[in-house]
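Breakdown of the fold
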Amino acid sequence: MTAWRIENAGADALIIRFGDTIDPAQVPRIRVATDRLAQGLKGQVKDLVPSYTTLMVVYDPVQNDFDSLGRKITRLLGQLDERQPQVGRLVEIPVWYDPEVGPDLERVAAHHQLSIEELIRRHSECEYVVFAIGFAPGFAYMGHAPESIATPRLATPRERVPVGSVALADRQTAVYPIATPGGWNLLGRTAMILFDRERETLCPLAAGDRVRFVPVGRAQFLEAGGVI
């Protein structure tokens, strides 16, 4: 497998580091490692948390220690074939792009000297990779948006961003799965539920998945259960 190293992260966790810079090519490798350890260490770890360049392994220090778990991980990851990294599922997210639900849409378009239609096209024509889930339950950090629409975060975050808001910050994009404060630029909204504590799978997205945003109209948004 691609080069990686194991680092101590405290009394009950360790980190497997796959690199030091964000690289979409690393995402499927980290996903493969996550799945392999989930199978090979079933019942021995409390949690596996993939991120941009790392995979955190949380364990019970009574059952394992850093050295013994490190040896198990080295054995399991040594069996992986890096020539065929797993490609995550393709998930399509319908989005109503409109100033009514995307209060920053016009400003972002003007910032880049684009029409709103062109901004929407550039944002939705990409296939994004989910780098990590964090910040809030179900909040998926996705990249990379085209350099031509990269936009800084707001200088002053909003106190409340509505559920389903589709947002852009620098070259990353995301959907707010719950109502939270936030400083990303809001371009539209989706009716798709991205966090549901009543479902067995709380979030329909996982690190390594691929996402496409599909523009829809107001009527479709409302018919799908969208709220303005």
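Residues numbered from 1 in each chain as written. Predicted model: local features only at pLDDT ≥ 70, side-chain atom pairs only at ≥ 80, totals over all residues. Heavy atoms only, no water.

Turning to the sheet that holds strand E5 (residues 90-97), a few remarks are in order. Strand order in the closed barrel made by the 7 strands is E5-E12-E9-E10-E7-E6-E13, with mixed pairing throughout. Direction aside, the axes of adjacent strands within the sheet are offset by 40° on average. Where E5 meets strand E12 (residues 185-189), 2 bridges bridge the pair, whose relative direction is antiparallel. The residue bridging Tyr97 from the neighbouring strand is Gly188, located in E12. (Pairing = 2+ DSSP bridges. Helix = DSSP H or I, 4+ residues; strand = E, 2+ residues; numbered from the N terminus. Axes fitted to C-alpha atoms, helices over the stretch in contact; angles between N-to-C directions.)

Attention shifts here to the environment of Asn64. Note on placement: Asn64 falls in the loop between strand E4 (54-59) and helix H2 (66-77). Since its relative accessible area comes to 4%, Asn64 is described here as buried. Each C-alpha atom, one on Asn64 and one on Asp12, is 8.8 Å from the other, the two residues being 52 residues apart in sequence. The residues touching Asn64, leaving out its near neighbours within four places in the chain, are Gln44, Tyr59, Leu69 and Lys72. A distance of 2.9 Å separates a polar atom in the side chain of Asn64 from a polar atom in the side chain of Lys72. (Buried < 20%, exposed > 50% of the residue type's maximum accessible area, 1.4 Å probe, protein only. Contact = heavy atoms within 4.5 Å. Polar contact = N/O pair within 3.5 Å; in protein donor to acceptor, adjacent residues only side chain to side chain.)

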